Amino acid sequence: MGRIKVMDEILANKIAAGEVVERISSVVKELVENSIDAHSNEIKVELTAAGTKEIKVTDNGKGIAQDDLEIA
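These figures come from a predicted structure and were not determined experimentally.

A.B. asks: So what's going on with the overall build of the chain? Residues and values would help.
C.D. replies: When its secondary structure is counted, the chain shows two helices and two strands. When the helices and strands of the chain are placed in sequence order, the string is α-α-β-β. Taken over C-alpha atoms, the radius of gyration comes to 14 Å for the chain, far larger than the 11 Å a tight globule of 72 residues would show. Within the chain, the fraction of its 72 residues that count as buried is 10%. Across the chain, the fraction of contacts at a sequence separation of at least 24, relative to all contacts at a separation of at least 6, is 38%. Taken as a whole, the chain presents about 6100 Å² of accessible surface, with 54% of it coming from carbon and sulfur. When the 9 basic and 14 acidic side-chain charges of the chain are each reduced to a single mean position, those positions are 4 Å apart.

A.B. asks: Tell me about a nonpolar patch on the surface, and name the residues and values.
C.D. replies: Taken together, the side chains of I4, V6, I64, L69 and I71 make up a nonpolar region of the molecular surface, amounting to roughly 430 Å² of accessible area. Relative to the elements of secondary structure, I64 occurs in the segment after strand 2 (54-59).

A.B. asks: I'd like to hear about helix 2 (residues 24-37), residue by residue, with values.
C.D. replies: Quick reminder: α-helices carry 3.6 residues per turn. Residues three or four places apart thus point the same way. For helix 2, which comprises 14 residues, the first-to-last C-alpha distance of 20 Å matches the rise-based estimate of 20 Å (1.5 Å per residue) to within 8%. Looking at the residues trailing helix 2, positive phi occurs at H39, about 65°.

A.B. asks: Go over unusual backbone geometry, please, and point to the residues and values.
C.D. replies: With a phi angle near 55°, A49 is a residue other than glycine that sits in the positive phi range. On the secondary structure map, A49 appears in the loop between strand 1 (43-48) and strand 2. In this structure, A50 is a non-glycine residue whose phi angle is positive, near 55°. Since its relative accessible area comes to 60%, A50 is described here as exposed.

A.B. asks: Requested: an account of the environment of I43, with residues and values cited.
C.D. replies: Take I43: it is sitting in strand 1. I43 sits in the partly exposed class, given a relative accessible area of 34%. The spacing of I43 and V57 is 14 residues in sequence and 7.0 Å in space, taken between C-alpha atoms. Sequence-distant contacts of I43, that is, excluding residues within four places in its chain, are made with V32, S35, I36, V57, T58 and D59.

A.B. asks: How would you explain the environment of I15 if you had to name every residue and give the values?
C.D. replies: Counting through the fold element by element, I15 comes out in helix 1 (residues 9-17). Classification of I15 as partly exposed rests on a relative accessible area of 39%. Sequence separation between I15 and H39 is 24 residues; the distance between their C-alpha atoms is 23 Å.

Conventions adopted
Residues numbered from 1 in each chain as written. Predicted model: local features only at pLDDT ≥ 70, side-chain atom pairs only at ≥ 80, totals over all residues. Heavy atoms only, no water. Helix = DSSP H or I, 4+ residues; strand = E, 2+ residues; numbered from the N terminus. Rg over C-alpha atoms; globule rule 2.2 N^0.38 Å. Buried < 20%, exposed > 50% of the residue type's maximum accessible area, 1.4 Å probe, protein only. Contact = heavy atoms within 4.5 Å. Areas by Shrake-Rupley, 256 points an atom, 1.4 Å probe, with all protein chains shown as cover. Lys, Arg positive; Asp, Glu negative; His and termini not counted. Charge placed at Lys NZ, Arg CZ, Asp CG, Glu CD. Patch = residues over 30% accessible without salt bridge, like charges linked within 9 Å, V, L, I, M, F, W, Y side chains within 5 Å. Salt bridge = Lys/Arg side-chain N within 4 Å of Asp/Glu carboxyl O. Expected span 1.5 Å × (residues − 1).

Quick look at the structure:
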């Protein structure tokens, strides 16, 4: 059984309203936190043009379960 649960619309709207990127560091922080949540113990961060062109985070985390793909 998957770990992802569908959230209600009120909560989804609250989260979406807070997704304004103010600093590149906040994007990197969020992506690294996602890697940690996926139980990664190796995380690589690559920035192109100081993060203004590309931010790439690679990790060895568990990733998403097959049965969670449709809900996600």
